[in-house]
Amino acid sequence: MNGLNKGIRKVEIALKWDPSPAGQPPTDLDIVAATYLTDDPQDAPAYVVHFDSRSPDGTIYLNRDSKDGKGFGWDEVLTVELERLDARYARVIVGVVIQQRPAHRSFVSVLNPAVRIREGYTDLAVDDFGGVLGATAATVAEFVRVPSDGWSFRDGVQGFEDDPADFTRIMGRLRRS
């Protein structure tokens, strides 16, 4: 560590949206997180955390999951404990996927979507997906291990407009800087 800088230690990614109008199929968004190994941080993810799963070591987990946006406040919340993540991991990419059943949807058809990334009480980023309205999935954050300073954060929402099932396989490549 460099001086008093400990880097980012533990983050919360929160997602919300409004329910579909009456008579319309429910809208279901999901937060996903993928880890990448130090040996090849651009390759396929070592593992992916999504609904009904958590990381093998318990450092990445979903606190809240919604299938319809009818929660109070933030509908989905994912916690990433970067300070506990094994040294073999160099990157963590976080994304949002719109489920495509029973209806095809992109962000333009999701009512009032928003994502918030925070460490403690400090908001690192907030976005409304306005820059990726035609996308069916998007990366929303990248955390990179910096050997001398701990973890750093790179924000920015990047859309993905093809089959969301492919998204988790290639989401790390979408974030190349």
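Anything mentioned here points back to the structure above.
Residues numbered from 1 in each chain as written. Predicted model: local features only at pLDDT ≥ 70, side-chain atom pairs only at ≥ 80, totals over all residues. Heavy atoms only, no water.

So, on to the overall build of the chain. When you go through the chain residue by residue, the secondary structure sums to one helix and ten strands. Mapped from its N terminus to its C terminus, the chain presents α and β elements in the order β-β-β-β-β-β-β-β-β-β-α. For the chain, whose C-alpha radius of gyration is 16 Å, the value lies close to the compact-globule estimate of 16 Å for 177 residues. The 177 residues of the chain split such that 45% are buried. Here the contacts in the chain between residues at least 6 apart in sequence split such that 67% fall between residues at least 24 apart. With the model as given, the accessible surface of the chain reaches about 8,900 Å², and the carbon-plus-sulfur share is 49%. Charge-centre separation for the chain: the mean point of 21 positive side chains lies 3 Å from the mean point of 27 negative side chains. (Helix = DSSP H or I, 4+ residues; strand = E, 2+ residues; numbered from the N terminus. Rg over C-alpha atoms; globule rule 2.2 N^0.38 Å. Buried < 20%, exposed > 50% of the residue type's maximum accessible area, 1.4 Å probe, protein only. Contact = heavy atoms within 4.5 Å. Areas by Shrake-Rupley, 256 points an atom, 1.4 Å probe, with all protein chains shown as cover. Lys, Arg positive; Asp, Glu negative; His and termini not counted. Charge placed at Lys NZ, Arg CZ, Asp CG, Glu CD.)

Our next topic: the layout of surface pockets. Of the pockets and cavities examined, the largest pocket occupies roughly 280 Å³. Listed by contribution, the elements that provide at least two residues to the lining of the largest pocket are strand 2 (29-37), strand 6 (89-98) and helix 1 (164-174). Within the lining of the largest pocket, the residues separate by chemical class into seven nonpolar, four polar and three charged. (1 Å grid on protein atoms, 1.4 Å probe; cavity = no way out; pocket = protein on both sides within 12 Å on 5 of 7 lines; lining within 4 Å. Points joined across faces, edges and corners; volume = space filled by probe spheres on them. Nonpolar A, V, L, I, M, F, W, Y, C, P; charged D, E, K, R; others polar.)

Now for the sheet that holds strand 1 (residues 10-16). Spatial ordering of the open sheet is given by 4-5-1-7-8, a layout of five strands whose pairing is antiparallel. Strands with a single pairing partner mark the edges of an open sheet, and in this sheet they are strand 4 (60-64) and strand 8 (122-127). Neighbour-to-neighbour, the strand axes of the sheet open up by a mean angle of 20°, direction not taken into account. In this sheet, strand 7 (residues 114-119) lies alongside strand 1 in antiparallel orientation, the contact comprising five bridges. Across the sheet, Leu15 pairs through a bridge with Val115, a residue of strand 7. (Pairing = 2+ DSSP bridges. Axes fitted to C-alpha atoms, helices over the stretch in contact; angles between N-to-C directions.)

This next bit is on the sheet that holds strand 10 (residues 150-160). Within the open sheet, the five strands sit side by side as 3-2-6-9-10. Their pairing is antiparallel. Each edge of the open sheet carries a strand with a single partner, namely strand 3 (47-49) and strand 10. Strand after strand, the sheet turns through a mean of 20° between neighbouring axes, direction not considered. Relative to strand 10, strand 9 (residues 137-146) is paired through nine bridges, and the arrangement is antiparallel. Bridged to Arg145 within strand 10 is Trp151.

Before going further, it helps to examine the nonpolar core. Ile13, Leu78, Val92, Val94, Phe107, Phe129 and Phe143 are the most contacted members of the largest nonpolar core, which has 34 residues in total. For this core, the leading source of residues is strand 6, giving five residues. Each residue touching Phe129, except ones within four places of it in the same chain, is listed here: Leu15, Val96, Phe107, Pro113, Ala114, Val115, Ala138, Val140 and Val157. Core analysis: the next-biggest nonpolar cluster, separate from the first, contains ten residues, Tyr36, Val97, Ile170 and Met171 among them. (Core = buried A, V, L, I, M, F, W, Y, C linked by side-chain atoms within 4.5 Å.)

Below, the discussion takes up the environment of Asp86. By the secondary structure assignment, Asp86 is in the loop between strand 5 (76-81) and strand 6. The class for Asp86 is partly exposed, based on a relative accessible area of 38%. Sequence separation between Asp86 and Thr59 is 27 residues, and the spatial gap between their C-alpha atoms is 9.2 Å. Here Asp86 is in contact with Asp57 and Arg145, once residues within four sequence places are set aside. Of note is the side chain of Asp86, whose polar atom sits 2.9 Å from the backbone nitrogen of Arg88. (Polar contact = N/O pair within 3.5 Å; in protein donor to acceptor, adjacent residues only side chain to side chain.)

Geometric values such as these leave the question of function open.
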